[in-house]
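Descriptive structure summary
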Amino acid sequence: MHIEYEEFDSIEDIFMYLASAAPPMKNTIPINSYKDHVMSFIPLSPSTGETYLMLYVKGSLEPGIYEFDVHSKSYKKVDNIERADKVYFVSLTPKRNTIADVALEKL
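Residues numbered from 1 in each chain as written. Predicted model: local features only at pLDDT ≥ 70, side-chain atom pairs only at ≥ 80, totals over all residues. Heavy atoms only, no water.

**Brief notes about the overall build of the protein chain**
Looking only at helices and strands, the protein chain has two helices and seven strands in total. Its helices and strands in sequence order give the protein chain the pattern β-α-β-β-β-β-β-β-α, from N to C terminus. C-alpha atoms of the protein chain, sized along the principal axes, occupy 40 × 30 × 25 Å. A buried classification covers 40% of the 107 residues belonging to the protein chain. Taking as baseline every contact in the protein chain between residues at least 6 positions apart, the subset at least 24 positions apart corresponds to 60%. Summed over its atoms, the accessible surface of the protein chain is roughly 6,500 Å², and 51% of this surface lies on carbon and sulfur atoms. In the protein chain, which carries 11 positive and 16 negative side-chain charges, the distance between the mean positions of the two groups comes to 4 Å. (Helix = DSSP H or I, 4+ residues; strand = E, 2+ residues; numbered from the N terminus. Buried < 20%, exposed > 50% of the residue type's maximum accessible area, 1.4 Å probe, protein only. Contact = heavy atoms within 4.5 Å. Areas by Shrake-Rupley, 256 points an atom, 1.4 Å probe, with all protein chains shown as cover. Lys, Arg positive; Asp, Glu negative; His and termini not counted. Charge placed at Lys NZ, Arg CZ, Asp CG, Glu CD.)

**Overview of the sheet that holds strand S3 (residues 37-43)**
What links the strands of a sheet is backbone hydrogen bonding, and the strands pair in either a parallel or an antiparallel sense. Across the sheet, which stays open at both edges, the seven strands sit in the order S1-S4-S3-S2-S7-S5-S6 with mixed pairing between neighbours. At either margin of the open sheet sits one strand with a lone partner, and together these are strand S1 (2-7) and strand S6 (74-78). Neighbouring strand axes in the sheet, compared pairwise and without regard to direction, differ in orientation by 35° on average. Inspection of the sheet shows strand S2 (residues 28-34) paired to S3 by three bridges, in the antiparallel sense. Bridge pairing links Ser33 to Val38 in S3. Set on the sheet, helix H1 (residues 11-21) makes contact with S1, S2, S3, strand S4 (51-58), strand S5 (64-69), S6 and strand S7 (87-92); between it and S4 the angle comes to about 145°. Across the sheet, helix H2 (residues 98-105) lies against S1, S2, S3 and S4, angled at about 105° from S3, the strand it touches most. (Pairing = 2+ DSSP bridges. Axes fitted to C-alpha atoms, helices over the stretch in contact; angles between N-to-C directions.)

**A few points about unusual backbone geometry**
The backbone of Lys35 shows a phi angle near 50°, a positive value even though the residue is not glycine. Mapped onto the secondary structure, Lys35 falls in the loop between S2 and S3. Positive phi, normally seen in glycine, also occurs at Lys73, with a value near 55°. Within the secondary structure layout, Lys73 lies in the loop between S5 and S6.

**Looking at the environment of Asp69**
With respect to the helices, strands and loops of the structure, Asp69 is situated in strand S5. The spatial distance from the C-alpha of Asp69 to the C-alpha of Ser47 is 33 Å, given a sequence separation of 22 residues. Excluding anything up to four places from it in sequence, Asp69 contacts Ser74 and Lys86. Among the polar contacts listed, one links the side chain of Asp69 to the side chain of Lys86, at a separation of 3.4 Å. (Polar contact = N/O pair within 3.5 Å; in protein donor to acceptor, adjacent residues only side chain to side chain.)

**A word on the nonpolar core**
Counting residues in hydrophobic clusters, the biggest one holds 17 residues, and the most contacted among them are Ile14, Phe15, Leu18, Ile31 and Phe89. The set of elements that each furnish at least two residues to this core consists of H1, S2, S4, S5 and S7. The element that contributes the greatest number of residues to this core is H1, accounting for five residues. When near neighbours in sequence (up to four residues on either side) are disregarded, Phe89 contacts Phe15, Leu18, Ala19, Ile29, Ile31, Gly64, Ile65, Tyr66 and Phe68. Grouped together as the second largest cluster of nonpolar side chains are eight residues, Ile3, Tyr34, Ala100 and Leu104 included. (Core = buried A, V, L, I, M, F, W, Y, C linked by side-chain atoms within 4.5 Å.)

In structure tokens:
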């Protein structure tokens, strides 16, 4: 497995990147908070699963739903996904993430 990296300065920056890359009409994006990093993996070779782009920032998020406003570049934790004009991130904290473990060892 090969991993490419893209590091960000803030959680807002990684949310902005992912919000711009989300397919139209898909306003809910999963993200991991794992080992003091907030991260997302994008397969660069979807057919083989050999190469991934790891987008990450040092930090953490509690598990839950975060509403992100692209215009103000701000986020807040919410209880429900309610607004079509916002992008939502579902933060998960896995007990173990083997792809992340390999990627973090190489940082």
